[in-house]
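These are the residues of each chain, in order.
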Protein chains: 2
Amino acid sequence: MNNQQWLMIERPNGMVSEQHFTLTETKTPLLREGEVLIKTLMLSFDPAMRGWMDDKPSYLPPVAINEPMRASGIGQVVESNDDALPVGTLVQGILGWQEYSIAGPNSLFPPSALPSGTPPNIALSVLGATSLTAYFGLLKIGDPQPGETVLISGAAGATGSAAAQIAKLKGARVIGIAGGKDKCDWLLGTGIDAVIDYKSENIRARLSETCPDGIHVFFDNVGGDTLEAAIEHAADFARFVLCGSISNYNDDSPKPGPNNMFSLIAKRIRMQGFIMFDYMAEVDSAMADLVQWLTEGKLLWREDIKEGFDNIPKTFIRLFEGKNQGKQLLKLADPN
Amino acid sequence: MNNQQWLMIERPNGMVSEQHFTLTETKTPLLREGEVLIKTLMLSFDPAMRGWMDDKPSYLPPVAINEPMRASGIGQVVESNDDALPVGTLVQGILGWQEYSIAGPNSLFPPSALPSGTPPNIALSVLGATSLTAYFGLLKIGDPQPGETVLISGAAGATGSAAAQIAKLKGARVIGIAGGKDKCDWLLGTGIDAVIDYKSENIRARLSETCPDGIHVFFDNVGGDTLEAAIEHAADFARFVLCGSISNYNDDSPKPGPNNMFSLIAKRIRMQGFIMFDYMAEVDSAMADLVQWLTEGKLLWREDIKEGFDNIPKTFIRLFEGKNQGKQLLKLADPN
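Here the structure is a predicted model, which means the values were calculated and not measured.

Basis of the calculations
Residues numbered from 1 in each chain as written. Chains lettered and ligands numbered in written order. Predicted model: local features only at pLDDT ≥ 70, side-chain atom pairs only at ≥ 80, totals over all residues. Heavy atoms only, no water. Helix = DSSP H or I, 4+ residues; strand = E, 2+ residues; numbered from the N terminus. Buried < 20%, exposed > 50% of the residue type's maximum accessible area, 1.4 Å probe, protein only. Contact = heavy atoms within 4.5 Å. Domains from an automatic or database assignment. Buried area = accessible area lost by both parts, 1.4 Å probe. Salt bridge = Lys/Arg side-chain N within 4 Å of Asp/Glu carboxyl O. Polar contact = N/O pair within 3.5 Å; in protein donor to acceptor, adjacent residues only side chain to side chain. Nonpolar A, V, L, I, M, F, W, Y, C, P; charged D, E, K, R; others polar. pLDDT = per-residue confidence, 0-100. Pairing = 2+ DSSP bridges. Axes fitted to C-alpha atoms, helices over the stretch in contact; angles between N-to-C directions. Expected span 1.5 Å × (residues − 1). Arc of directions from axis to C-beta. Phe/Tyr/Trp six-rings, centres within 6.5 Å; stacked < 30°, edge-to-face > 60°.

**Details of the environment of lysine 168 of chain A**
All names here are of chain A. Here lysine 168 lies in helix 4 (residues 158-169). For lysine 168, a relative accessible area of 30% puts it in the partly exposed group. Residues lysine 168 and isoleucine 152, spaced 16 residues apart in sequence, show a C-alpha to C-alpha distance of 12 Å. Discounting residues that sit within four places of it in the chain, lysine 168 has contacts with Val174, Gly191, Ile192 and Asp193.

If you want it as structure tokens, here you go:
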């Protein structure tokens, strides 16, 4: 089978661009015992993918030069050497920027976690890894209590908007930081208490206004100056959930961290990084909560769906230009 | 009663020096109901006192201009309007840089926590707040497990050396960072596994050598570049106990923080600040452990005892010059 792929041909030193990828075509190899051939239907785009392009030790090995860019997605089994995954099965996993991929046993997302018949876009957006990330980070690390003030950065994004709404469901006051009127308006419409538009407002002044008793839980997707400002406005015993640092992903050299780290001592702040994979054992119960909130209309989301294999790199780059309106997806094909 | 005092007359902008204090003499006021008059016998000097001189919100209000410098110490009751503290009682608390101080009910350290008859120097050093700080920070936040690697910065200091030895008692491999051959030799003599002399060695190279599996628990008294180096060498799921940041206390403007904060996410590091006061409810049981280890000869310490009221400011400044060899104290008088 002919297989188009977008390979990463060069590691970015700074901002990622289309020149770091090249389109190529190869043949799919023969399936071995226990493997399945998957046709990619829809790809997910996440800021964390930028980190996978750097040659640095992290929670996953770096993408290799001339390897298809790593990405999660939804696909459909089109050839199968695994009785548990017959032809036609919809699967979720790290499929990569390619039309076809091969997966062995246990390399796919547990299918049991998703309600059967979940459409690909839903499986990758409001019931996807970003919402699970929000769920685990907020509840396992942030642990907001009713009446506490929760601040979310990158709050109009897929992870941020889920975290913001889950915090509201748990009875917290929720303040979201996002960029631009459209994102902020949508975010307010989800029912959170206040928004800060970092593109047109002074974050520190607005934090003083919106968090008069300080920030009890900060769910951070942005890092950099936003993190420094949040430390400045943290309440004693605040919990900082470090989920992402999109402001730094395209830096060409390491940037200085917050200049107020001593406040972590004075205010007894707990700051903790995490990734969703750490909580895989609890995915089923988390998904049950997400599905219930979704069914009850308590969890709103936006999807930004592009199309076309040629458009994959530029769709990825939208994330770092802040252009995506909600979860960035790209559709390649419909299920058979 | 005539009462000599060292007042803070100016807030330092940068390094603290003798010019920020002035010696004065006043009269002790009349005692009110429930108050006692305390003669200062011995003063404790701690890096955290530098932070109390800055006009910044913290866990204690700043020392006011023209107020006696705040300091903890051991004193003896010489007049009493409190039946629970008769004349002659030895007490511990925030006495300040003055010959006499007045204390009301509940303003002193719980006397029950210390074995009766504990000499003032012992009460302020190995059985003092620094050891309790080490105990709570290491065990409540760091929670080292047998075989894990624990790194301590400022490890020859009163807090650091207690933390290092408690970590050894809990079965950890312990690496200490200190400045100068004398401090490092003494520290190795306490039985820890390795020392790094930051004055003559490259911290990062030595961390690679001494922590090949990464740092599981970092007990930080120093901050700054040491913190950045420790993040670089942290193991996944490391716990960072933020106790102090002596490298920054005399900065004249805020200095940038670690440039590798993203590693907190990639390595899922938990970083948490604390102060000893947060654990006051558990002082008795902590003290029981410290007394037992001390009695069994398992907890070594050094004291650096100066004398003379005139020498108070310059004794304090020794801390920031790294001149103190162990717990810095100053003796004013013997108990009656």
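**A look at the domain arrangement of chain A**
Residues and elements named next belong to chain A. Here chain A is described as being made up of domain 1 (2-125 + 302-331) and domain 2 (129-278). The centre of domain 1, based on its C-alpha atoms, is set 28 Å off from the matching centre of domain 2. On the domain 2 side, the residues contacting the 22 residues of domain 1 number 15 residues. Together domain 1 and domain 2 conceal approximately 1500 Å² of surface at their shared face, both sides included; 56% is due to carbon and sulfur atoms. The tally of links from domain 1 across to domain 2 stands at one salt bridge. Inspection of the region where domain 1 meets domain 2 yields seven residue pairs in polar contact (both at pLDDT 80 or more). Classifying every residue of the side of domain 1 that touches domain 2 by side-chain character gives ten nonpolar, seven polar and five charged.

**Thoughts on the confidence of the model for chain A**
For chain A, mean pLDDT is 95; residues scoring 70 or higher make up 99% of the total. Both scores are given for the predicted complex: the pTM is 0.95, the ipTM 0.94.

**A word on the interface of chain B and chain A**
Contact with chain B, which involves 29 residues of that partner, is made by 29 residues of chain A. Together chain B and chain A conceal approximately 2300 Å² of surface at their shared face, both sides included; 67% is due to carbon and sulfur atoms. Of all residues in chain B, Met261, Ile265 and Arg268 of chain B give up the largest surface area on contact with chain A, accounting jointly for 23% of the area buried on that side. Across the contact surface, chain B and chain A share two salt bridges.

**Some points on the sheet that holds strand 12 (residues 234-242) of chain B**
Spatial strand order, 10(A)-9(A)-8(A)-11(A)-12(A)-13(A)-13(B)-12(B)-11(B)-8(B)-9(B)-10(B): twelve strands in an open sheet with mixed pairing. Unpaired on one side and paired on the other, strand 10 (194-197) of chain A together with strand 10 (194-197) of chain B mark the two borders of the sheet. Each neighbouring strand pair of the sheet contributes to a mean axis angle of 15 degrees, computed without reference to strand direction. The pairing of strand 8 (residues 149-153) of chain B with strand 11 (residues 215-220) of chain B spans three bridges and is classified as parallel. Counterpart to valine 150 of chain B in the pairing with strand 11 of chain B is valine 217 of chain B. Seen against the sheet, helix 6 (residues 203-210) of chain A touches strand 8 (149-152), strand 9 (173-178), strand 10 and strand 11 (215-220) of chain A and runs at an angle of roughly 170 degrees to strand 10 of chain A.

**Section: helix 3 (residues 129-142) of chain A**
All names here are of chain A. Across its 14 residues, helix 3 extends 18 Å between first and last C-alpha, which sits within 8% of the 20 Å expected from 1.5 Å per residue. Along helix 3, twelve of the 14 residues are buried, which leaves the element largely enclosed by surrounding structure. Two residues or fewer after helix 3 comes aspartate 143, characterised by a positive phi angle close to 45 degrees.

**A look at helix 9 (residues 283-295) of chain B**
Residues and elements named next belong to chain B. Between its first and last C-alpha atoms helix 9 spans 18 Å; for 13 residues at 1.5 Å apiece the expected length is 18 Å, and the two agree. Turning to helix 9, its buried residues are Val283, Ala286, Met287, Leu290 and Trp293. All buried residues of helix 9 lie within an arc of 125 degrees about the axis, which places them on one face of the element. On its buried side, helix 9 packs onto helix 3 (129-142) and helix 4 (158-169). Positive phi shows up at glycine 297, right after helix 9, with a value of about 75 degrees.

**With respect to the pattern of salt bridges**
Inspection of every chain in the model, using the stated rule, returns 40 salt bridges over all chains. Measuring nitrogen to oxygen at the nearest pair gives 2.8 Å for the salt bridge that ties arginine 268 of chain B to aspartate 278 of chain A. Taken as a pair, arginine 268 of chain B in the loop between helix 8 (263-266) and strand 13 (270-273) and aspartate 278 of chain A in the loop between strand 13 (270-273) and helix 9 (283-295) lie in two separate chains rather than in one. Note on arginine 268 of chain B: relative accessible area 11%, which makes it buried.

**A look at the sheet that holds strand 2 (residues 21-27) of chain A**
With respect to topology, three strands assemble into an open sheet ordered 2-1-4 (chain A), the strand pairing being antiparallel. Looking at which strands have only one partner, the edges of the open sheet turn out to be strand 2 and strand 4 (67-68) of chain A.

**Here we look at unusual backbone geometry**
Not every positive phi belongs to a glycine, and asparagine 66 of chain A is a case in point at roughly 70 degrees. Position of asparagine 66 of chain A among the secondary structure elements: in the loop between helix 1 (48-52) and strand 4.

**Section: the packing of aromatic side chains**
Applying the stated criterion to the full structure yields 26 aromatic pairs over all chains. Note on phenylalanine 21 of chain A and phenylalanine 316 of chain A: the rings are 6.5 Å apart at their centroids and 80 degrees apart in plane angle, and the pair reads as edge-to-face. On the criterion of sequence distance, the pair formed by phenylalanine 21 of chain A in strand 2 and phenylalanine 316 of chain A in helix 10 (residues 312-318) is long-range, its members being 295 residues apart. Judged by relative accessible area, which is 5%, phenylalanine 21 of chain A ranks as buried. What makes phenylalanine 316 of chain A buried here is its relative accessible area of 0%. Geometrically, the ring pair formed by tyrosine 59 of chain B and phenylalanine 277 of chain B is tilted, given 6.4 Å between the ring centres and 50 degrees between the ring planes. Here tyrosine 59 of chain B is found in the loop between helix 1 (48-52) and strand 4 (67-68), whereas its partner phenylalanine 277 of chain B is found in the loop between strand 13 and helix 9, with 218 residues between them in sequence.

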